Amino acid sequence: MATNRAWRLRRRPEGAVADGDLELVTEETAELEEGQALVRTRLLSLDPTNRIWMSDIRGYMPPVPIDAVMRGIGIGEVVESRREDMPVGALASGFLGWQEFCVADDGLLEAPLTTLPSPLPAPASAFVGVLGHIGISAYLGVDYLDPGPGQTVVISAAAGGVGSIAGQLAKLRGARVVGIAGGPAKCRYVVDDLGFDACVDHRDPAWRELLDAAVPDGVDLDFENVGGPIMDHLLMRLNLNARIFLCGMVSQYDDSGERTAWRGLVNVDQIHMQRATMRGFIVTDHLDRWPEALEALAALWMAGRLKYRESVVTGLEHAPAALARLLAGDTVGKLVVAVAEPDLCRDVQVVTTSPR
């Protein structure tokens, strides 16, 4: 038996995630049965959707049950196995949960785990980032928007995992790309490192005027990750037959801060007036296109044509605090937790990945 540490959801958060909503418990794993494998989590992906899963709102997946292990995507190593398709030493990705050990049982898990190739063609963390659900979301979103020369694309949360990749993909298609990010440092990163044409700091009190100035010819395509007042203002800049890709609405995932005073889109009539199209998107609805997306992303990344950053937190015990920083916009790139002992580094480290 292995001793497992796991975060269990004890109550639905009201507003921002608070102490007591989740509890870190120590438990023993059961003996494996035939058809099961024991996977030790190496990396845990933190995503805005974690906050959705904690709530009982109408969502694209059922909420995490009270007292259940918090849902989460991760990468782990098989340390014990009673199934032929998951040998000891193999790496697997999927819904491992916020815990150190996961019993891989296709009859119990929400979705079967996927065994990663050996040897890995990229760092393991890439498979929850640029070569995982994050990169695939960016690829499929840009493919839907289909940007080209002469068009202006706006990408919110442009310094985040999805937004940073989506903007680069849109630039590779010849479009003019304008990012929206929080703070001067992020905006410099988006323009100087990622190659966006411009970036608007939404924390600047004059962000509305800055956004208007950044899109003098209007907006043809919107890759939306944030929602809220910024999206509402952006609707007034839409050009005729504009397209909006709803990848996320992170500003509206809890009832804290700006959300408290938010009462919904006022300028939604502009979708009608400009004959625009708005499409909602969940990456797991498009599993049939994952191989295509991964092949394209891997080729670009290995050729050095995609830049990619991670914010790394060490220690499972810091997952709730790290999620709070993500939702507050205080991280850069893809946020991952390196599941390790609590005496290791507690601060967020930003690293830039590159092909081997």
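Refer to the structure printed above.
Attention here is on the structure that accompanies the text. Fair warning: this is a prediction, and the values are worked out from it, not measured in the lab.

1. Considerations on the sheet that holds strand β8 (residues 152–156)
Here comes step 1: Reading across from one edge, β10-β9-β8-β11-β12-β13 is the order of the 6 strands in this open sheet, with parallel pairing throughout. Both edges of this open sheet fall to β10 (198–201) and β13 (277–280), since each of them pairs with a single strand only. Adjacent strand axes in the sheet meet at a mean angle of 15 degrees when their direction is disregarded.
Here comes step 2: In this structure, β8 lies alongside strand β9 (residues 176–181), joined through 5 bridges in parallel fashion. Counterpart to valine 154 in the pairing with β9 is valine 178.
Here comes step 3: Where helix α2 (residues 133–145) meets the sheet, its contacts fall on β11 (219–224), β12 (238–246) and β13, and the angle it forms with β12 comes to roughly 155 degrees.
Here comes step 4: Its contacts with the sheet put helix α3 (residues 161–172) on β8, β9 and β11, and the angle it makes with β8 is roughly 170 degrees.

2. Topic: the environment of phenylalanine 223
Here comes step 1: By the element assignment, phenylalanine 223 lies in strand β11.
Here comes step 2: On a C-alpha basis, the gap between phenylalanine 223 and leucine 108 in space is 35 Å, while along the polypeptide they are 115 residues apart.
Here comes step 3: Those residues within four positions of phenylalanine 223 in sequence are excluded, and the remaining contacts are Ser137, Ala138, Gly141, Val142, Leu145, Val154, Ile155, Ser156, Val162, Ala166, Phe245 and Cys247.

3. Examining the packing of α2 against α3
Here comes step 1: Contact pair α2 / α3: the axes reach a minimum separation of 8 Å and the direction vectors enclose 40 degrees. Between α2 and α3, the crossing angle belongs to the class labelled oblique. Crossing hand, α2 versus α3: right-handed. Listed contacts from α3 to Ile134, Gly135, Ser137, Ala138, Tyr139 and Val142 of α2 are Gly161, Val162, Ile165, Ala166, Leu169 and Ala170.
Here comes step 2: Class assignment for the residues of the contact of α2 with α3 results in 9 nonpolar, 3 polar and no charged.

4. Section: the pairing of strand β3 (residues 37–46)
Here comes step 1: Most of β3 sits out of view: 8 of its 10 residues are buried.
Here comes step 2: Here β3 pairs with strand β4 (residues 73–81) via 8 bridges, running antiparallel. Bridge pairing in β4 links leucine 38 to glutamate 80.
Here comes step 3: The sheet contact formed by β3 and strand β15 (residues 334–338) spans 4 bridges and is antiparallel. By the bridge assignment for β15, leucine 46 is matched with leucine 335.

5. Digging into the packing of aromatic side chains
Here comes step 1: Taken as a whole, this structure holds 4 aromatic pairs when the rule is applied.
Here comes step 2: Between tyrosine 144 and phenylalanine 245, the aromatic rings sit 5.9 Å apart at their centres with planes inclined by 35 degrees, giving tilted as the arrangement. Taken together, the positions of tyrosine 144 in helix α2 and phenylalanine 245 in strand β12 put the pair 101 residues apart, joining distant regions of the chain.
Here comes step 3: Given the relative accessible area of 0%, phenylalanine 245 is considered buried.
Here comes step 4: Considering the side-chain rings of phenylalanine 223 and phenylalanine 245, the 5.1 Å spacing of their centres and the 50 degrees angle between planes classify their relative orientation as tilted. On the criterion of sequence distance, the pair formed by phenylalanine 223 in strand β11 and phenylalanine 245 in strand β12 is long-range, its members being 22 residues apart.

6. Quick look at the packing of α2 against helix α8 (residues 290–302)
Here comes step 1: Here α2 crosses α8 at 95 degrees, and the two axes come no closer than 9 Å. What the angle tells us is that α2 and α8 run roughly perpendicular. From α2, His133, Gly135, Ile136 and Tyr139 reach across to α8, where they touch Trp290, Glu292, Ala293, Leu294, Ala296 and Leu297.
Here comes step 2: Here the residues of the contact of α2 with α8 are counted per class, giving 7 nonpolar, 2 polar and 1 charged.

Rules of the game
- Residues numbered from 1 in each chain as written.
- Predicted model: local features only at pLDDT ≥ 70, side-chain atom pairs only at ≥ 80, totals over all residues.
- Heavy atoms only, no water.
- Pairing = 2+ DSSP bridges.
- Helix = DSSP H or I, 4+ residues; strand = E, 2+ residues; numbered from the N terminus.
- Axes fitted to C-alpha atoms, helices over the stretch in contact; angles between N-to-C directions.
- Contact = heavy atoms within 4.5 Å.
- Parallel < 35°, antiparallel > 145°, perpendicular 65-115°, else oblique.
- Left-handed = near helix turned anticlockwise from the far one by under 90°.
- Nonpolar A, V, L, I, M, F, W, Y, C, P; charged D, E, K, R; others polar.
- Buried < 20%, exposed > 50% of the residue type's maximum accessible area, 1.4 Å probe, protein only.
- Phe/Tyr/Trp six-rings, centres within 6.5 Å; stacked < 30°, edge-to-face > 60°.

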